[in-house]
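Below are the chains, spelled out letter by letter.
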Amino acid sequence: MKYIYHENKKDAPVFVLLHGTGGTETDLVSLAELLNPEYNVLGIRGNVQENGMNRFFKRHGEGHYDWEDLAFRGNELYAFIEEKAKEYDFKMEDTVLVGFSNGSNIAIQMMLKHPETLKKAALFAPLYPADLEEKHDFSDVDVFLSLGEGDPIVPESESKRVIRLFEERGANVTTAWVKGHSLTQEVAMQAKNWLK
C-alpha cells in the first residue's frame, strides 16, 4: 500500500488518514495539521481501483457494498497499520482514525473488528448500510461523526444508522451536521475541539 508517515513529535498520538473515493494518502494532511499539528501522521492510499479512482474496498454501485471485499480489505488495512506501528514504534491504542466518506466506512469496519485497540476516530460523511447483530463493546470508544443534511450519497436515515451503530454499543459519540457530502472548515474546527 502506498502511504506517507510524518513524525511531528516523538511518542505523540498518530492520525491514520483514510481518504474518500478518488483521493490519495496526502488528501487529509491539512486536516490533520488543523486538528493537532503535534500528532504524527500516517496517510494511506486505498489499493482498490474503481474507474481509475482509489478506494479502500469494492462496491456494486453507490451505497451497495461488496461486503466480502470490505471484510477482506478491512483486515488487510488493519494488518498494514499494525506493520507500520512496529516499523515507526507507535501503539495501535495511540492511533486516531480520521476518515472521509469511503475512508470513514472502512474505519468503521476496522473498529467493529478491533474495538480493543481502535478507540478514537473522527469520521466525516460515513455510511455503513447494514444492521448488525453482534453487540461489540464500544464503551472505551470515542467517536466524532460529521454527517450531511441533504447529502446526495448518504441519506439522513443512513447517517442516523451510523449514530445508532456507535451509541447502541456504548460509544461516547459527538455529532455535527453539515450541508451535503462535504468536509467544511467549520466542522473541522468542531472536530479539533472534540479532540481536545
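Data block above holds the structure.
Residues numbered from 1 in each chain as written. Predicted model: local features only at pLDDT ≥ 70, side-chain atom pairs only at ≥ 80, totals over all residues. Heavy atoms only, no water.

Undergrad: Would you mind showing me how to read the pairing of strand S7 (residues 120–124) here?
TA: Walk down a regular strand and you will see the side chains alternate between the two sheet faces. Counting buried residues in S7 gives four out of five residues, a clear majority hidden from the surface. The sheet contact formed by strand S6 (residues 95–100) and S7 spans four bridges and is parallel. Each residue of the ladder has a partner; that of phenylalanine 100, found in S7, is phenylalanine 124. Each parallel crossover has a hand, and for S6 linked through helix H3 (residues 102–113) to S7 it is right-handed. With five bridges joining them, S7 and strand S8 (residues 142–149) adopt parallel strand pairing. In the sheet register, alanine 121 faces S8, and the bridge partner there is valine 143. (Buried < 20%, exposed > 50% of the residue type's maximum accessible area, 1.4 Å probe, protein only. Helix = DSSP H or I, 4+ residues; strand = E, 2+ residues; numbered from the N terminus. Pairing = 2+ DSSP bridges. Right-handed = clockwise from strand over helix to strand, strands pointing away.)

Undergrad: Can you walk me through the sheet that holds S6 in this structure?
TA: Backbone hydrogen bonds hold the strands of a sheet together, and the pairing may be parallel or antiparallel. Reading across the sheet, the seven strands line up as S1-S3-S2-S6-S7-S8-S9 and stay open at both edges, with mixed pairing between neighbours. Of all strands in the sheet, those bounded by a partner on one side alone are strand S1 (3–6) and strand S9 (172–179). Put simply, the sheet's adjacent strands are angled 15° from each other on average, direction ignored. Strand direction decides the pairing type here: strand S2 (residues 14–18) and strand S3 (residues 40–44), joined by five bridges, are parallel. (Axes fitted to C-alpha atoms, helices over the stretch in contact; angles between N-to-C directions.)

Undergrad: Even after reading the chapter, I still don't get the environment of glutamine 109, so can you show me in this structure?
TA: By secondary structure assignment, the location of glutamine 109 is in helix H3. Relative accessible area serves as the criterion here: at 5%, glutamine 109 is assigned to the buried category. Distance in space between the C-alpha atoms of glutamine 109 and tyrosine 128 is 8.4 Å, their sequence separation being 19 residues. When neighbours within four sequence positions are excluded, glutamine 109 is seen to be in contact with Leu70, Ala71, Gly74 and Tyr128. (Contact = heavy atoms within 4.5 Å.)

Undergrad: In this structure, what is going on with the environment of glycine 103? I would like to understand it.
TA: Tracing the chain through its elements places glycine 103 in helix H3. Along the backbone, glycine 103 and histidine 60 are 43 residues apart, and their C-alpha atoms lie at a distance of 17 Å. Setting aside residues up to four positions removed in sequence, glycine 103 forms contacts with Leu18, His19, Gly20 and Phe56.

Undergrad: How should the pattern of salt bridges be read in this particular structure?
TA: Two side chains carrying opposite charge are able to pair once their charged atoms lie near each other. Within this structure, the stated rule accounts for 14 salt bridges. One salt bridge in this structure joins aspartate 140 and lysine 119, with 3.8 Å as the shortest N-O distance. Of this pair, aspartate 140 sits in the loop between S7 and S8 while lysine 119 sits in the loop between H3 and S7, placing them 21 residues apart in sequence. Since its relative accessible area comes to 53%, aspartate 140 is described here as exposed. One salt-bridge network, in which partners are shared between bridges, spans Glu50, Arg55, Arg59 and Glu62. (Salt bridge = Lys/Arg side-chain N within 4 Å of Asp/Glu carboxyl O.)

Undergrad: Teacher, can you tell me more about helix H5 (residues 185–195) here?
TA: Since the α-helix advances by 3.6 residues per turn, residues separated by three or four positions end up pointing in the same direction. For H5, the full list of buried residues reads Val187, Ala188, Ala191, Lys192, Trp194 and Leu195. Mapping the buried residues of H5 onto a view down its axis gives an arc of 160°, with all of them on the same face. Turned more than 90 degrees from where H5 packs its buried face, Gln185 and Glu186 sit exposed. Tucked inside the fold, the buried residues of H5 contact S2, helix H1 (29–35), S6, S7, S8 and S9. (Arc of directions from axis to C-beta.)

Undergrad: Looking at this structure, I do not really get the packing of aromatic side chains. What am I missing?
TA: Aromatic ring pairs: the centre-centre distance and the angle between the two ring planes describe each pair. Across all of its chains, the model carries eleven aromatic pairs by this definition. Both rings, one in tyrosine 3 and one in phenylalanine 80, keep their centres 5.6 Å apart while their planes meet at 70°; by these two values the pair is edge-to-face. In this pair, tyrosine 3 sits in strand S1 while phenylalanine 80 sits in helix H2 (residues 67–88), placing the two residues 77 residues apart along the sequence. Given the relative accessible area of 25%, tyrosine 3 is considered partly exposed. Arranged with centres 5.3 Å apart and planes meeting at 70°, the rings of tryptophan 67 and tyrosine 128 form a pair that is edge-to-face. (Phe/Tyr/Trp six-rings, centres within 6.5 Å; stacked < 30°, edge-to-face > 60°.)

Remember, this is a structural readout, not a statement about activity or role.
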